[in-house]
Amino acid sequence: MQKSGTYILAIESSCDDTSCAVLRDNTVLSNVTAGQEIHRLYGGVVPELASRDHQKNIVPVVDAALKKAGIVLSDLSAIAVTAGPGLMGSLLVGLSFAKSLALSLNIPLIAVNHMQGHILAHFIKDEEEENEMPAFPFLCLTVSGGHTQLVKISDHLQFEILGQTLDDAVGEAFDKAAKILGLPYPGGPLIDKHAKSGDKTKYKFPFTHVPGNDYSFSGIKTSFLYFIQNNSQKNENFVCENLEDICASYQHHLISVLLKNARNVLKETGIKQLAIAGGVSANSELRSQVLELEKELSIKTFIPPFEYCTDNAAMIGITAYYKFLRNDFSDLSVIPQTRIGI
Ligand code: KG4
Ligand code: ZN
């Protein structure tokens, strides 16, 4: 018997996570992700190894997502997939798989922008309790390993960038600093962990002046390298004796930089709602500074559940749901786009 509702199977493979989710309308029935440990050996994502692992993982991940959702392929209304931005080889695996599946089932294919996905994760309906979703317009600070953006969202599929990084993403500033400290990849969560028992006021880092509401993190990253090198010359045990305080101070600085521009944009535009999205939105200092900003500016803030912060297919599925409602489908000629605006 045909099930009621729209069933979308979504695939995300833009970087080093192979993920598949099944959604019924705006609720998530399953969201299965296989990470890739291999990159830890190299201190960063190796694109060729990432695409090979996606090839190995994609069939079992899709199979597990279908089983967990309790549906079969013939129940599906559409196939969604990340088409960019991301790594070429990684995107190709997901996109080729999704095209073949849509073609064989004779159902629509929906190509999704990964950055839109991070933001629209805020519109996933919780099955257990009524969750409040942002109203339009709202501002989203999207912070990940590859992006740092301040985006105004005027409708589910209407985005305008009001500020962004001119060089490195904030996730990269976390990960590179962790590497300098000898922590494994990805170091962002480890900096967060060590920072918990540290003194965030102990060390100071520079603010880079950037006109408007854009960001720059490469100078901060370099100043961190010199800070560690200089102090380690004076005391070879500097890092291990002060790891917690170093992590807390550096993390506090990065998050303060992020929120300085967000505060400006909120004041300039009069927007009364702020959401955060992307891998770095899992960061505890960001979460607590956002709550302080909520009180300071009398605004409403939206912090995503942890499972929808880092890369996942549920966020691709929810974006595809809004595209489905608009009959916004892709044909089989769609190609991966490694660099694409929002
Ligand atoms: O969104 P995401 O999973 O992948 C990209 O699209 O880039 O973000 C990954 C980034 C990495 O830089 C990782 O270190 C960072 O998110 N990250 C964190 C935390 N959890 C993940 N950074 C700081 N604190 C965290 N708790
Ligand atoms: Zn991402």
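Residues numbered from 1 in each chain as written. Chains lettered and ligands numbered in written order. Predicted model: local features only at pLDDT ≥ 70, side-chain atom pairs only at ≥ 80, totals over all residues. Heavy atoms only, no water.

Caption draft 1: Expanded view of the packing of aromatic side chains. Tallied over the full model, the rule gives 15 aromatic pairs. Relative to phenylalanine 217, the ring of tyrosine 215 has its centre 5.8 Å away and its plane inclined at 20 degrees; by these criteria the two rings are stacked. For phenylalanine 217, a relative accessible area of 0% puts it in the buried group. Between the aromatic rings of phenylalanine 224 and tyrosine 250, the centroid separation amounts to 4.3 Å while the plane-to-plane angle is 40 degrees, which identifies the pairing as tilted. Separated by 26 residues along the polypeptide, phenylalanine 224 in helix α6 (residues 218-234) and tyrosine 250 in helix α7 (residues 238-269) bring together distant segments of the chain. The two residues phenylalanine 224 and tyrosine 250 agree in class, both being buried. Through a chain of ring-to-ring contacts, the aromatic side chains of Tyr203, Phe205, Phe224, Phe227, Phe238 and Tyr250 assemble into a single cluster. Directly above the aromatic system of phenylalanine 302 lies the positively charged group of lysine 300, at a separation of 5.3 Å from the ring centroid. (Phe/Tyr/Trp six-rings, centres within 6.5 Å; stacked < 30°, edge-to-face > 60°. Buried < 20%, exposed > 50% of the residue type's maximum accessible area, 1.4 Å probe, protein only. Helix = DSSP H or I, 4+ residues; strand = E, 2+ residues; numbered from the N terminus. Lys NZ or Arg CZ within 6 Å of the ring centre and 35° of its normal.)

Caption draft 2: Just the packing of helix α4 (residues 170-180) against α7, in detail. Running from amino to carboxyl end, α4 crosses α7 at an angle of 170 degrees, the nearest separation of the two axes being 11 Å. Overall, the two elements α4 and α7 adopt an arrangement that is roughly antiparallel. Note on element contacts: α7 touches α4 through Tyr250, Gln251, Leu254, Ile255 and Leu258, opposite Val170, Ala173, Phe174 and Ala177. A class-by-class count of the residues in the contact of α4 with α7 yields eight nonpolar, one polar and no charged. (Axes fitted to C-alpha atoms, helices over the stretch in contact; angles between N-to-C directions. Parallel < 35°, antiparallel > 145°, perpendicular 65-115°, else oblique. Contact = heavy atoms within 4.5 Å. Nonpolar A, V, L, I, M, F, W, Y, C, P; charged D, E, K, R; others polar.)

Caption draft 3: Molecular detail of helix α9 (residues 314-325). The end-to-end C-alpha distance of α9 is 17 Å, a good match for the 16 Å that 12 residues give at a rise of 1.5 Å each. Most of α9 sits inside the fold, with 11 of its 12 residues counted as buried. Three or more residues of α9 are buried, namely Ala314, Met315, Ile316, Gly317, Ile318, Thr319, Ala320, Tyr321, Tyr322, Lys323 and Phe324. Looking at the buried side of α9, the elements it contacts are β1 (7-12), β2 (18-24), β3 (27-34), β4 (78-84), β5 (109-113) and α3 (114-120). Taken from the residues just after α9, asparagine 327 is the one with a positive phi, measuring 55 degrees. (Expected span 1.5 Å × (residues − 1).)

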